[in-house]
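Observations on chain architecture
Chain by chain, the residues run as shown.
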Amino acid sequence: PPPQQQYQPQAAGMPNNTAAALCYLAGFITGIIFLVIAPYNTDPKVKYHAWQSIGFNVAMIAIMILFSILTALTGGLLALVLVPVSLVIWLGAFVLWLMLMYKAYQGEGLNLPVVGDFAKKQAGL
């Protein structure tokens, strides 16, 4: 008998693990796209990764805005501290983004605090 395949592709398009990983590719934009496109918008795991991608990116945008406001309010003096801190945060966020995509592609998940719980609730998991 022929060997069994691990992933069965959906009738139209790519396997769900690929769709889940692509939810993170362009941030909240691809998250929204996969929440709208059928048949992926009916798969709870893809929906989970789409919602988590949206939440993760909105949080990173909020942090960027907060740092910009703090720098502007202090006349740039706080920038001496915030620039190195923000570089570390962005490096960490980049590594986390790569891990989220990798785990999604592996068919697993990396549940982020707060955002991950919200994503589970929205996806019905």
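Small disclaimer: the values here were computed from a predicted structure and weren't measured.

This next bit is on the nonpolar core. In terms of nonpolar packing, the biggest core is built from eleven residues, these being Ala20, Ala21, Tyr24, Phe56, Met60, Ala93, Leu100, Met101, Ala104, Leu112 and Val115. Secondary structure elements with two or more residues in this core: α1 (16–22), α3 (44–73) and α4 (79–105). Of the residues forming this core, the biggest block, four residues, is contributed by α4. Counting six residues, the second-largest nonpolar core is a separate cluster that includes Ala19, Tyr40, Val46 and Ala50.

This brings us to the environment of Pro84. Checked against the element boundaries, Pro84 lands in helix α4. We classify Pro84 as partly exposed; its relative accessible area is 43%. Each C-alpha atom of the pair Pro84 and Leu66 lies 15 Å from the other, and the pair is 18 residues apart in sequence.

Parameters at a glance
- Residues numbered from 1 in each chain as written.
- Predicted model: local features only at pLDDT ≥ 70, side-chain atom pairs only at ≥ 80, totals over all residues.
- Heavy atoms only, no water.
- Core = buried A, V, L, I, M, F, W, Y, C linked by side-chain atoms within 4.5 Å.
- Buried < 20%, exposed > 50% of the residue type's maximum accessible area, 1.4 Å probe, protein only.
- Helix = DSSP H or I, 4+ residues; strand = E, 2+ residues; numbered from the N terminus.

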